[in-house]
Amino acid sequence: MPAMHLSLQILPRVPHERLYPTVDKVIAMIRASGLPHIIGPMETTIEGEMDQLFDLVKEAHRICLAEGASRVGAVVKTDMKPGGLSFHEKIGKYRDQ
């Protein structure tokens, strides 16, 4: 399956002092996946195949629960087209300057 993009905003319900450490663990998991990704202030966008990306979403939820979240919300956005997508195609002209 061709590459697509998935943006994930994970929203764990944890005590305030645990929020960033929990999100940091999710980001570490995404980094460890080896997939191209861009970390933003509100969400992380990842490039990969559909199954890989949704496996990361599931793992993000598991991490939050393991960190003691009483509830986990997420905002997931996807972009797919025949032949696949790349970060360079979308934002290369802004990053290559």
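Remember, predicted model here, so these are calculated numbers, not experimental data. Along every chain, residues carry numbers that run from 1 in the direction the sequence is written. Owing to the predicted nature of the model, reporting of local features is limited to residues with pLDDT of at least 70; listing and counting of side-chain atom pairs is limited to 80 or more, with chain, interface and lining totals taken over all residues. Computation of side-chain values: all heavy atoms of the structure, hydrogens and water removed.

### Quick look at the pairing of strand β3 (residues 44-48)
Throughout this description, buried means an accessible area under 20% of the type-specific maximum (1.4 Å probe, protein chains only), exposed means over 50%, and partly exposed covers the range between. Strands here mean DSSP runs of E at least two residues long; helices mean DSSP runs of H or I at least four residues long; both are numbered from the N terminus. With five of its five residues buried, β3 lies for the most part within the structure. Across three bridges, the pairing between strand β2 (residues 37-39) and β3 is antiparallel. The residue bridging Ile39 from the neighbouring strand is Thr44, located in β3. Between β2 and β3, which pair antiparallel one after the other, the connecting turn spans four residues. Note on pairing: DSSP must find at least two bridges between two strands before they are called paired.

### Notes on the side chain of His5
Residue position: His5 is located in strand β1 (residues 4-12). Assessed through its relative accessible area of 3%, His5 is described here as buried. At a separation of 2.9 Å, a polar atom in the side chain of His5 contacts the side chain of Glu47. A distance of 2.9 Å separates polar atoms of two side chains, one belonging to His5 and the other to Lys90. Apart from residues lying up to four places away in sequence, His5 is in contact with Thr45, Ile46, Glu47, Leu53, Lys77, Thr78, Asp79, Leu85, Ser86, Phe87 and Lys90. In protein, a polar contact means a hydrogen-donor-capable atom and an acceptor-capable atom, both N or O and within 3.5 Å, with residues adjacent in sequence counting only if both atoms are side-chain atoms; elsewhere, any N or O pair within 3.5 Å suffices. Any pair of residues with heavy atoms lying within 4.5 Å of one another is described as a contacting pair.

### With respect to the nonpolar core
Soluble globular proteins tend to pack their nonpolar side chains together in the buried interior. Only buried residues count toward a nonpolar core, which is a set of Ala, Val, Leu, Ile, Met, Phe, Trp, Tyr and Cys residues joined through side-chain atoms within 4.5 Å. By size, the foremost hydrophobic cluster in this structure holds 20 residues, and its most contacted members are Ile10, Val26, Met29 and Ile46. Of all the secondary-structure elements, those providing two or more residues to this core are β1, α1 (16-32) and α2 (50-66). Excluding residues within four positions of it along the chain, Met29 makes contact with Leu56, Glu59, Ala60 and Ile63.

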